[in-house]
Amino acid sequence: MNIEANKKLWAKIVAKAWCDEAYKAELLNNPEQVLKAEGADIPEGVRVHVVEEQKPSTAEDIYLYLPSVKGTIVMDENEVKKAAKSCCFTM
């Protein structure tokens, strides 16, 4: 998967997490499982962490920042859900 495809996939995952608290909890608790289910390739020996505060990644640990919807965009909850449903990425 190339960088642009990874960015699109992460945007899709973030949008789903903003709209679904159970999905967000699963993403935070079992990021590798969720990412693989979404089609991400995770190299052998690399650990993935999804965090709500930015951290620097290393060669062995990748930290993916899950931003808060409240500080990121100005939309009400229904608008966010509508936008997330209309997101469509082809990989």
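Figured I'd write up the structure that's included with this text. Note that the coordinates shown come from a computational prediction; the quantities given were computed from them, not determined experimentally.

The subject of this paragraph is the overall build of the protein chain. Check the secondary structure of the protein chain and you find five helices and two strands. Ordered by position from N to C terminus, the α and β elements of the protein chain give α-α-α-β-β-α-α. In the protein chain, which comprises 91 residues, the share counted as buried stands at 25%. When contacts within the protein chain are restricted to residue pairs at least 6 apart in sequence, long-range pairs at least 24 apart make up 40% of them. Summing over all exposed atoms, the protein chain offers an accessible surface of approximately 6500 Å²; the carbon and sulfur share of this is 51%.

Let us look at the environment of Ala5. Mapped onto the elements, Ala5 comes out in helix α1 (residues 3-19). Considering only alpha carbons, one finds Ala5 and Ala40, 35 residues apart in sequence, at a separation of 9.6 Å.

With that out of the way, let us pick up the pattern of salt bridges. As a working rule, side chains carrying opposite charge can pair if their charged atoms are close by. All chains considered together, the criterion is met by four salt bridges. When the shortest N-O distance is used, the salt bridge between Arg47 and Asp61 registers 2.8 Å. You can see Arg47 sitting in strand β1 (residues 47-51) and its partner Asp61 sitting in strand β2 (residues 61-65), a full 14 residues away along the chain. Judged by relative accessible area, which is 41%, Arg47 ranks as partly exposed. Given the relative accessible area of 12%, Asp61 is considered buried.

Separated by 2.8 Å, the side chains of Asp61 and Arg47 make a polar contact. Engagement of the side chain of Asp61 in a polar contact is seen with the side chain of His49, the distance being 2.7 Å. Beyond its immediate chain neighbours, meaning those up to four positions away, Asp61 contacts Arg47 and His49.

Inspection of the secondary structure puts Leu28 in helix α2 (residues 21-29). According to the relative accessible area criterion, Leu28 is partly exposed, its value standing at 26%. Separated by 23 residues in the primary sequence, Leu28 and Val51 have C-alpha atoms spaced 6.8 Å apart. With residues up to four places along the chain from it excluded, the contact list for Leu28 reads Val50, Val51, Glu52 and Leu66.

Scoring rules and cut-offs
- Residues numbered from 1 in each chain as written.
- Predicted model: local features only at pLDDT ≥ 70, side-chain atom pairs only at ≥ 80, totals over all residues.
- Heavy atoms only, no water.
- Helix = DSSP H or I, 4+ residues; strand = E, 2+ residues; numbered from the N terminus.
- Buried < 20%, exposed > 50% of the residue type's maximum accessible area, 1.4 Å probe, protein only.
- Contact = heavy atoms within 4.5 Å.
- Areas by Shrake-Rupley, 256 points an atom, 1.4 Å probe, with all protein chains shown as cover.
- Salt bridge = Lys/Arg side-chain N within 4 Å of Asp/Glu carboxyl O.
- Polar contact = N/O pair within 3.5 Å; in protein donor to acceptor, adjacent residues only side chain to side chain.

By themselves, these figures tell us nothing about what the structure is for.
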